[in-house]
Amino acid sequence: MAARNDETTNPFGDDLDDFEYDTALSRLEQTQNRILGSTSRSLGLIEESHDIAIKTAEELQRQEEALYRTERNLDDMSHNMTTANRHIKSVKSVWGAIGNYFSKPIKAEPKLEPVKTEVPERSLNVDVDLKLDYGEQDCLSEYGGRGRGTASFEREYDNHLSEISRGLSILKDDAMVLGQTIDRHDEIITRVQGKVENVDDEIKVADRKIKKILRN
């Protein structure tokens, strides 16, 4: 019978026959594979969660750009309504409006400053590549083709734990970035709501003034 190397030699000598030793070794290998399979699945879930975070961040970015466009449009509407209300106020009659038009120079309206788009303080790391090199299949190593051996298993297991730790740190950063983005959205929405109310009030004022002029 060919001699086994140090990693697979029966350490119990004559206390266990070859069959019993092979059975024990097989169970050990199965346990090791289950452990590495479990950590591999954990790594896969971490990477999947990170991919979802990236897609969520991209969608939030599109929504943020839409909110900024809405805010700029509301600023333009408010500016136009302010100008319209000022002209309506000066109109006493059709002839008065014509007289005012030719007698008073039209002042250039101040140009509104564009709404500045805030740059996120942090962005998601889209270049993350967790090392998912360890499947659930039986991994034959250099130890005589009879299993990975204790030292090899411990190295692989330590690598898995290291990658899991790194992945969890990445997910924590993802959560912080997404939270900051949502906070910015809340601030923009609050501003937009206030500007919508202001524009609505200005439209109502203009409507009342026009109706009053028409009655006169």
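Residues numbered from 1 in each chain as written. Predicted model: local features only at pLDDT ≥ 70, side-chain atom pairs only at ≥ 80, totals over all residues. Heavy atoms only, no water.

If you look the protein chain up in an unreviewed UniProt entry, it shows as Synaptosomal-associated 29 from Paramuricea clavata. The record held by UniProt for the protein chain lists under Sequence similarities (unreviewed entry) the comment "Belongs to the SNAP-25 family." (UniProt positions renumbered as here; feature names shortened; annotations may be inferred.)

Colleague: Mind showing me how you'd approach the overall build of the protein chain here?
Modeller: Looking only at helices and strands, the protein chain has three helices and zero strands in total. Along the protein chain, helices and strands appear, N-terminal first, in the series α-α-α. When each of the 216 residues of the protein chain is scored for burial, the buried share is 25%. At a minimum sequence separation of 6, the contacts of the protein chain that also span at least 24 residues come to 84%. (Helix = DSSP H or I, 4+ residues; strand = E, 2+ residues; numbered from the N terminus. Buried < 20%, exposed > 50% of the residue type's maximum accessible area, 1.4 Å probe, protein only. Contact = heavy atoms within 4.5 Å.)

Colleague: Where do I start with the environment of asparagine 159 in this structure?
Modeller: Following the sequence through the fold, asparagine 159 ends up in helix α3 (residues 149-215). Assessed through its relative accessible area of 37%, asparagine 159 is described here as partly exposed. Separated by 120 residues in the primary sequence, asparagine 159 and threonine 39 have C-alpha atoms spaced 9.9 Å apart.

Colleague: I keep staring at the confidence of the model for the protein chain and nothing clicks. Help me out?
Modeller: Caution applies to low-pLDDT parts of the model: their predicted coordinates are not meant to be read in detail. Across the protein chain, pLDDT averages 75, with 63% of residues at or above 70. Per-element confidence in the protein chain is highest for α3, whose mean pLDDT is 89, and lowest for helix α2 (residues 94-103), whose mean pLDDT is 52. Per-residue pLDDT stays below 50 along residues 1-7; that stretch engages in 13 contacts with residues further than four places along the chain or on separate chains. This model gives residues 131-147 a pLDDT under 50, and the stretch forms 42 contacts once residues within four places in sequence are excluded. (pLDDT = per-residue confidence, 0-100.)

Colleague: I would appreciate a short explanation of the nonpolar core in the present structure.
Modeller: Across soluble globular proteins, nonpolar side chains show a tendency to be buried alongside one another. Counting six residues, the largest nonpolar core consists of Leu67, Tyr68, Leu74, Ile188, Val192 and Val199. Sorting the residues of this core by element identifies α1 (18-90) and α3 as the ones contributing at least two each. (Core = buried A, V, L, I, M, F, W, Y, C linked by side-chain atoms within 4.5 Å.)

Colleague: So what exactly am I meant to see when it comes to the environment of glutamine 32 here?
Modeller: Inspection of the secondary structure assignment puts glutamine 32 in helix α1. Taking the C-alpha atoms as reference, glutamine 32 lies 9.1 Å from threonine 150; in sequence the two are 118 residues apart.

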